[in-house]
Number of protein chains: 2
Amino acid sequence: MSGRNPTEPSPAQKPGEFDLIGRYFAPLAGPGAFGLGDDAAVLTPPPGQQLVFTADAIIAGVHFLADDPAGDVAAKLLAVNLSDLAAMGAVGAGYLITTAWPRVLDEDWIADFAQGLGTAQAEHEIALLGGDTVATDGPMCLSLTAIGELPMGSAIRRNGAKAGDNIYVSGRIGDAGVGLRILCDGLMDGTTPDHQAAVERYRRPRPRLALGQALRGLASACIDISDGLVADLGHLAAQSRAAMTVDLAAIPLSPLAGLIGGAAAAIVAGDDYELLFTAAPDDELRLLDAGQETGTTVSRIGRVTAGRGVEVVDAAGVKVNLAQPGYRHF
Amino acid sequence: MSGRNPTEPSPAQKPGEFDLIGRYFAPLAGPGAFGLGDDAAVLTPPPGQQLVFTADAIIAGVHFLADDPAGDVAAKLLAVNLSDLAAMGAVGAGYLITTAWPRVLDEDWIADFAQGLGTAQAEHEIALLGGDTVATDGPMCLSLTAIGELPMGSAIRRNGAKAGDNIYVSGRIGDAGVGLRILCDGLMDGTTPDHQAAVERYRRPRPRLALGQALRGLASACIDISDGLVADLGHLAAQSRAAMTVDLAAIPLSPLAGLIGGAAAAIVAGDDYELLFTAAPDDELRLLDAGQETGTTVSRIGRVTAGRGVEVVDAAGVKVNLAQPGYRHF
């Protein structure tokens, strides 16, 4: 395999790395990013605030489909990272993005990507701080680091769930899994608004930032659902050293969950990016209020007990057997 | 192209994403990273400090060679980012890494990578804050975001060079380009310590963090050399709205620069990760002291004038024609 050869000329008509950055990404730069024209961005943390950091990468064909609209891919990349900030109770402060584009460049795709990123960052009141643009012979590989802020000491961790707490989830479960199935199986012909909403959810997840902030000091533990409800609840259980029991009948389900096999399948499907959290029963009214104030439904779906692991039970209290929870990359 | 299928089982003997993170990367986690077991890391900025952010991605076959040792690849990924912090005058505070490994996983490679990362982060007194691990069918794609800190208002920008300033560079130019040529052309048989040093420089660049800090309040503009001396000086010239004239004979050259075509080739080769900066002539003695105190040679290589662009002249003052400066990804 050959290394890069800095003296090899490129055809003059092709835009270079700096052309792409200047044309499409510099307009997204926030204060302190110097128009992406410097070595690094500078950020002054507000007094009394802590900063929060998370990074996620997405790969064409794994985390998004090759024919997903470019603007949706950009919005999703930002959203999945902001969803991690939401789970900590933080708000977005800025982000950095590194993009490995295919070497045979589709500049229209990049233009659409940048436009979608601009729309999404405006919606979430966050701006670009920096990044890098390279080329790959493989599938597109996009990485984003999100920076959030929250008042000192107010981060909601995964390790605070206690026996006796209830388990809650925001929104509906299974929509993204249904959306993916619709796209993969070509079920879009003659579809209903529910079908379209499911596809929209898969392509453009909504990070629950307002709810996350409202949960500060209220939720004992919180995580966002990326790998699937059961898998992510498993992380809460492991970090909190507690057991979690989920009532299958209490799951707020996608109206089209039947397309992927119903509730038992929906809770092992990923990509919903809802918040999954625990709280003391006494806080339930405040929790429901927090949901209402932030325009999000909040459903109680189970309880935390002493022990380890996650168990799903049906209406009769009988344990439900599940497919392998969560996606494995390797 | 098929999307991911969360219910598809993986062979039980293969380590999953979380196994890899727990086994190899959790031991590198710093304070506030919660052992990589939470949604995001929390960092409390020291009072009076600003934070600095930069991100770089590297691709197998482009930024490193497929048979480069894994530990060197890790060290290089961290170093190229820390080099950007050095150019701003910042010190490292933490970093996040996203890795797209080949789907057919070489766990030994990952173990060596993590070990090299651990050694490098210890050397630079910086710790892992978070990241993501995914799989790709294409070449390995590694992205790192580095977070630095510096006293409020002390960042060295690219835009401060003024007509009358001198231009300086740290260390030697061309070593990395020579090292790459040695590796690509299989010239390692019967090599000298100079050959080995050049390969070492290509594989394990040394970010000039101590010099960068010493240049705060002293350098009028600074950048690190990643794309090549001429290309990176072009960025300083553009951002500072000034012209830069380089004396080819004053360039501190790799002793093996002849292998790649001498000085005129060395200054368009990349990857040296030396600091390239400007300062008022009155500050030269302090600059040379700063170099000496940080164990780095500092050489005056030219001057800033009114105008635009970069010009390289020979000992007789005649303009030198150069190959296309800098590497183009597209």
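Residues numbered from 1 in each chain as written. Chains lettered and ligands numbered in written order. Predicted model: local features only at pLDDT ≥ 70, side-chain atom pairs only at ≥ 80, totals over all residues.

The next subject is the domain arrangement of chain A. All names here are of chain A. Partitioning chain A into domains gives domain 1 (17-151) and domain 2 (166-313). The straight-line distance from the C-alpha centre of domain 1 to that of domain 2 is 25 Å. In this assembly, 16 residues from domain 1 lie in contact with 19 residues from domain 2. It is helix 2 (residues 70-88) that provides the largest number of residues to the side of domain 1 that touches domain 2, a total of 11 residues. Class assignment for the residues of the side of domain 1 that touches domain 2 results in nine nonpolar, three polar and four charged. (Domains from an automatic or database assignment. Contact = placed C-beta atoms within 7 Å. Helix = DSSP H or I, 4+ residues; strand = E, 2+ residues; numbered from the N terminus. Nonpolar A, V, L, I, M, F, W, Y, C, P; charged D, E, K, R; others polar.)

To continue, consider the relation of the copies chain A and chain B. Expressed as a screw operation, the relation of chain A to chain B combines 0.0 Å of axial shift with a rotation of 180 degrees, fitting to an RMSD of 0.0 Å. Expressed as an axis order, the relation between the two copies is that of a two-fold axis. By C-alpha distance to the rotation axis, the residue of chain A lying nearest is Gly138 of chain A, at 1.9 Å. (Least-squares fit on C-alpha atoms with pLDDT ≥ 70 in both.)

With that out of the way, let us pick up the interface of chain A and chain B. Listed per partner, the contact involves 79 residues of chain A and 79 residues of chain B. Of all elements in the fold, only strand 1 (41-43), strand 2 (49-59), helix 2, strand 3 (91-102), strand 4 (128-136), strand 5 (141-151), helix 4 (175-184) and strand 7 (221-224) of chain A reach the threshold of two or more residues within the side of chain A that touches chain B. Of the residues forming the side of chain A that touches chain B, the biggest block, nine residues, is contributed by strand 2 of chain A. Looking at side-chain class alone, the side of chain A that touches chain B contains 39 nonpolar, 26 polar and 14 charged residues. Bridging between strand 1 of chain A and strand 2 (residues 49-59) of chain B involves three bridges; their strand directions are antiparallel. Looking across to strand 2 of chain B, one finds that Leu43 of chain A is bridged to Leu51 of chain B. (Pairing = 2+ DSSP bridges.)

Turning our eyes to something else, we now look at the sheet that holds strand 3 (residues 91-102) of chain B. The five strands lie next to each other as 1(A)-2(B)-5(B)-3(B)-4(B), forming an open sheet whose pairing is mixed. The outermost strands of the open sheet, each flanked by one partner alone, are strand 1 of chain A together with strand 4 (128-136) of chain B. Each strand axis lies, on average, 20 degrees off the axis of its neighbour in the sheet, ignoring direction. Relative to strand 5 (residues 141-151) of chain B, strand 3 of chain B is paired through nine bridges, and the arrangement is antiparallel. Bridge assignment links Leu96 of chain B to a residue of strand 5 of chain B, and that residue is Thr145 of chain B. (Axes fitted to C-alpha atoms, helices over the stretch in contact; angles between N-to-C directions.)

Let's shift gears to the environment of Pro31 of chain B. Of note, Pro31 of chain B is situated in the loop between helix 1 (17-25) and strand 1 (41-43). Counting along the chain gives 10 residues from Pro31 of chain B to Ala41 of chain B, while the straight-line C-alpha distance between them is 8.6 Å.

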